[in-house]
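Tertiary structure, described
The lines below spell out each chain.
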There are 2 protein chains.
Amino acid sequence: MPSFSWLLALYLAALTGNTDGAVARESTERNCSLTPPYLPSTAVNTSLQLEELRVQMRAMNISAYIIPATDAHLSEYIAPRDARLAFMTGFTGSAGTAVVTLNKAALWTDSRYWVQAERQMDCNWELEKDVSISSVAEWLISEVPKGDEIGFDPFLFSLKTQGDYNINLESSDRSLKSITENLVDKVWKDRPSVPPDSLTRLPDRVIQRTWQEKVEHIRTQMGDNPYKPTGLLLSALDETAWLFNMRGNDIPYNPFFYSYTLLTMDEIWLFLHVERVTEELKVYLNASCEGALCVQLKGYDTILDHLKNYVTRPGVKVWIGTEYTNYALYEVITPQDKLLTSSYSPVLTTKAVKDETEQQILRDAHVRDAVAVIQFLMWLEKTVPEGNATELTAAEYVDKCRSKQKDSRGPSFATISASGPNAALAHYSPTKETNRRLTVDEMYLVDSGGQYLDGTTDITRTVHWGKPTEMQKEAFTRVLMGNIEISRTIFPSGTRGVNMEMLGRRALWEVGLNYGHGTGHGVGNYFGVHEWPVGFQSNNIGFRAGMFTSIEPGYYKENDFGIRIEDVAVVVPVQTKYGNNYLTFDTVSLVPYDRKLIDMSLLSSEQLHWLNKYYETIRSLVGAELDNQGLREEKDWMLRNTEPFAEIGSSASVSSSSLTLIALAVAMLHNIV
Amino acid sequence: MPSFSWLLALYLAALTGNTDGAVARESTERNCSLTPPYLPSTAVNTSLQLEELRVQMRAMNISAYIIPATDAHLSEYIAPRDARLAFMTGFTGSAGTAVVTLNKAALWTDSRYWVQAERQMDCNWELEKDVSISSVAEWLISEVPKGDEIGFDPFLFSLKTQGDYNINLESSDRSLKSITENLVDKVWKDRPSVPPDSLTRLPDRVIQRTWQEKVEHIRTQMGDNPYKPTGLLLSALDETAWLFNMRGNDIPYNPFFYSYTLLTMDEIWLFLHVERVTEELKVYLNASCEGALCVQLKGYDTILDHLKNYVTRPGVKVWIGTEYTNYALYEVITPQDKLLTSSYSPVLTTKAVKDETEQQILRDAHVRDAVAVIQFLMWLEKTVPEGNATELTAAEYVDKCRSKQKDSRGPSFATISASGPNAALAHYSPTKETNRRLTVDEMYLVDSGGQYLDGTTDITRTVHWGKPTEMQKEAFTRVLMGNIEISRTIFPSGTRGVNMEMLGRRALWEVGLNYGHGTGHGVGNYFGVHEWPVGFQSNNIGFRAGMFTSIEPGYYKENDFGIRIEDVAVVVPVQTKYGNNYLTFDTVSLVPYDRKLIDMSLLSSEQLHWLNKYYETIRSLVGAELDNQGLREEKDWMLRNTEPFAEIGSSASVSSSSLTLIALAVAMLHNIV
């Protein structure tokens, strides 16, 4: 599934000059310019919560309040109890920022969600489309009187977000006010509570490094740091989960639990809901002692007090990763010489490189995942022509196929099952209102993934069961060329994805096509499906052997069709003629592409060669697993769909020169004979 | 000529793991571990200036003083009077930072200059090789006692430099102290004065926009800015030179003059050495009035006072570009709401896109420049086998060839004329000590450029007059493939160079080769040869039609040879099959490559096609100019060297498949006949 950044949204708006909605307005959307305003049945009446929030705002003496869409761990997916934006606005999209003043309210969200916002919001809310912080700040400057304060919950702001607002407001005589008690929570009466489920530890068979080894390893990095940090604060949920080899179920699709960790050179403080830790887990964590390898359990809500307390100790210095530490924790680490920052904590950068066990089990999970996806594609091939499949039933079916695989733990995100024009919305998920029947006349895009105890998967295939147009074939082939060009490229260790991702776009650019999302993101062992800091975006770190990333170029034709081809690949060392320390990608998603959509004449000989080798790998690895699971029909389907392509000629221009050569040879022979 | 960033130096050190000197130590270098230390005759005794500087430091109560290599305009090239680093250290390289404490002194410079530093410095100085600011800061923390202050001249620090030092020192209890009177200048008795030469204006024939039009255009951008700046401060020397269509001779190779501009909505203040402005120029500038289009001339040294004064006016807001504004000017713009920042001023971003006249005359300058370089290459071809050419005589000769061309204004930088192993140092310029005779046994790299009244040029060719090795041919061809891949690529308007520059490296990476400098930089109309903010580095802006950039991949084999192929290209719109607003490059440097060094079997059919089209352009444009100048022999040489290559087959693998096809065809014919 493509990850989406606001920066990218801006870039796209700039590229296409298209700042207007992608989908025509229908009567399913509100119309606030009518008197009285027209509201569809999907719109939520937000008058009451706005009124109550403004009471709170007046009490705090602020003229505006900013409501982001994240949680205190700056998570991409959030638990229902953190869906404050949705509670306030009615809008349930995954990205957005709301601002409430004493007499206005506005929501900023990117082009993916404009239609949805117009369907879900009432006329209390303006919809703003430029999602940059500078745009929010400009709006604030126009709405908030000079000298007034703008409130925000520092737990929901990253350092960078706070800094960006600050920079944009600083010359305007409006200032930010950090308010640690969330004002939305105060008016949200039936806010869901933290789920009571017990936390779990990973079984030994999926672990190479024990938590004690990980702790020692991270402490070594702390000791090696020239600034000599005494403590490391972990805020992202996957940091604590990784360090202790533990998982939970607090966040949809993400096996995480609410937690922070403060790791010092001789103590370990784990902040969580202690009542959820079983006796067995307490033993596992050495929770009854206070030594260097004993985990002291502290209440989740006590982090701020404990941290404040810790920084009063003489000589301490707390290391934080700025990308995932919220401003509330950051602002108590004072004075400055108690603080050490890097973009990512050493836990995130260490976690990014998988150890041998992690690499192997993640590859294994992808083999089983391929079986599920192949079952699904085969089922579609049968079912769609009968007219019995819809986007929703297809999404259910792929989940079902995965659930039958060993160690399955459910989907890793809401399946994107999109037919025809719906696929042109890169992040579409089907709903009852939008659900389309799948037919042989439309292209179909399915982007889905599974959580397994040993790994997280994420794969996209685009298929056509009838006769694709020439343009669809060309676009699909050029997307595939992008995927192959990245996959087969050789690069020095440490090269950053952002400096290579244009290879995924180049074949499209050549004919004036492009796509509006990132080209790939990290993936890991039973974690979130977008695992930072690996990937192709500008704030991702350089590639090292042992990292896993998705590679997912695409093309989307408005109101017509969408194409995306996504595979997960592991970064592996490669032998070169002259140099050492070079890397390439080895694709671990093992599902064939729709042959009907490939225009062979566009592929270079190198691309063709890559494709055939990839298909060989599918035959060998997935073939064995299909045998193993006794899936004979699926095996036949797989073999049919991975028949090698003939490797002659390379591209249109070359083919023609080859033809010239043949003609020449023929002519010569005629003369000779 | 490749531009070099410190970041890149770090990247390279990380890549190669090579943090040691590239050239073996000889007795031409100092040896401070001997007693007494060994100093070569090239070493400079710096004891006296160090002693005197420390007196100044004690008077200011600072424990360390930082000496950068730039001037108050953060120029890349500096005038002799700004060579403070060289005066203090003896080291004359173009990049470095010196730090003096009360009992130690250290110089940081990158790998290009390690040998030179060991030759020029005495044993008062440590040589430090990790040129990151964090490394300087770590050294400062180890040498400066807690609580002490570290002095710096805020005129010689960019905001970013000051900020980087601050971040690295902030948690250490050592602080920076801004001292506006430069301490080196106080002890530098024979510091050169500002040259008395009069300033000049450009003739009308090379100008499309008068300075009045430019001022109006920039004021429009100020008016359109949502933060409503009232004044724009221009600090980089090319900003003022561009705005007023004026030039000077204060900086070697750069036609600039010491100046600042404060442009407000209704006034223009030009800060310069007023005595250098002729009466004619005063008329040209409307210097006798005070209206919106009158230029008020102010003394160069009064900028700080005038700026301080301006910011006391109510309601003013000063716009600065942070990349080129020094910290001294920045720190007087207080409080924060008087300040508006962007990375580059609107003058630099406007200047980056050439108007039609500028594009045409810059193309024209490159045609004449090609004539000079062709004359030079032809002369080498004759002279080298006779054994009469050296790196130095060759460098002189190419300057001479350029000086004969119309509107020549001298070289745009010191020619890099490098034979054999000398060319492996990417920034080598020949000196008496290092001068090599050119022979048919060594490769030769020449990177040179000219200043012309209508344009600045910069071109590199690598040649071999004997028999190159297979490895040399392969490396040259792969460098050429990199150059072609960038040149022929099609991309959306606004794409950033840093996201495409790997195309220049990819063919090299494939066999484990790489290069350690940037891939290109902006070039303009009679300005500095590295014209920011255009190019392929991470702080360059996105490409737009009308920008000019060099494209210059290379490969360097230590102690053996060096290859670089550099051309200047203009960004032009291109028609694509489906999309609008796509761009590509049109190469304006028009000199053929050494055919002997090209391994045709490596080129794809697309690359070959590009090469033939490029050679057609040379034949047409340079052919006409050679005719025009009556250079018959040069024309023949050019035609010989631009013979079209046969366009059959595309790459080794394709050729072999073509052969298979022929064999097949032949076999079939035999059966038929």
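To keep things clear, this report deals only with the structure shown in the data block. (Residues numbered from 1 in each chain as written. Chains lettered and ligands numbered in written order. Predicted model: local features only at pLDDT ≥ 70, side-chain atom pairs only at ≥ 80, totals over all residues. Heavy atoms only, no water.)

**Description of the overall build of chain A**
A count of helical and extended segments in chain A gives 20 helices and 26 strands. For 673 residues, the compact-globule estimate of 2.2 N^0.38 gives 26 Å, and chain A sits close to it at 27 Å. The C-alpha extent of chain A, read off along each of the three principal axes, is 100 × 70 × 45 Å. Looking at chain A as a whole, 61% of its 673 residues are labelled buried. In chain A, the share of contacts with a sequence separation of at least 24, taken over all contacts with a separation of at least 6, comes to 72%. Carbon together with sulfur atoms contributes 51% to the accessible area of chain A, which is approximately 25100 Å² in total. A distance of 1 Å separates the average location of the 63 positive side-chain charges in chain A from that of its 84 negative side-chain charges. (Helix = DSSP H or I, 4+ residues; strand = E, 2+ residues; numbered from the N terminus. Rg over C-alpha atoms; globule rule 2.2 N^0.38 Å. Buried < 20%, exposed > 50% of the residue type's maximum accessible area, 1.4 Å probe, protein only. Contact = heavy atoms within 4.5 Å. Areas by Shrake-Rupley, 256 points an atom, 1.4 Å probe, with all protein chains shown as cover. Lys, Arg positive; Asp, Glu negative; His and termini not counted. Charge placed at Lys NZ, Arg CZ, Asp CG, Glu CD.)

**Quick word on the sheet that holds strand β12 (residues 295-299) of chain A**
Sheets are built from strands paired through backbone hydrogen bonds, the pairs being either parallel or antiparallel. Residues and elements named next belong to chain A. One open sheet accounts for six strands, arranged β12-β11-β10-β8-β13-β14; its pairing is mixed. If you trace the sheet from one side to the other, it starts and ends with β12 and β14 (339-342), each paired once. Direction aside, the axes of adjacent strands within the sheet are offset by 20° on average. Along the sheet, helix α11 (residues 303-312) makes contact with β8 (231-234), β10 (260-264), β11 (268-272), β12 and β13 (318-321), crossing β11 at roughly 155°. (Pairing = 2+ DSSP bridges. Axes fitted to C-alpha atoms, helices over the stretch in contact; angles between N-to-C directions.)

**Describing α11(A)**
One turn of an α-helix holds 3.6 residues; hence residues three or four places apart share an orientation. Residues and elements named next belong to chain A. Looking at α11, one finds that the buried residues are I303, L304, L307, Y310 and V311. On an axial view of α11, the arc spanned by its buried residues comes to 125°, and they lie on one face. Among the exposed residues of α11, those pointing more than 90 degrees away from its buried face are D305 and T312. Turning to α11, the residues buried within the fold contact β8, β10, β11, β12, β13 and α12 (327-332). (Arc of directions from axis to C-beta.)

**Structural notes on the pattern of salt bridges**
Taken as a whole and assessed by the stated rule, the structure comprises 79 salt bridges over all chains. One salt bridge in this structure joins A:K189 and A:E52, with 2.7 Å as the shortest N-O distance. Remark: A:E52 occurs in helix α2 (residues 47-60) and A:K189 occurs in the loop between α7 (183-187) and β7 (200-201); sequence separation between them is 137 residues. In this structure, B:R276 engages B:D250 in a salt bridge whose closest nitrogen and oxygen atoms are separated by 2.4 Å. With B:R276 in the loop between β11 (268-272) and α10 (279-284) and B:D250 in the loop between β9 (246-247) and β10 (260-264), the pair connects residues that are 26 residues apart, well separated along the chain. Residues B:R276 and B:D250 agree in their burial class; the two are buried. A single network of salt bridges, built from pairs that share partners, joins A:D82, A:R84, A:D185 and A:R191. (Salt bridge = Lys/Arg side-chain N within 4 Å of Asp/Glu carboxyl O.)

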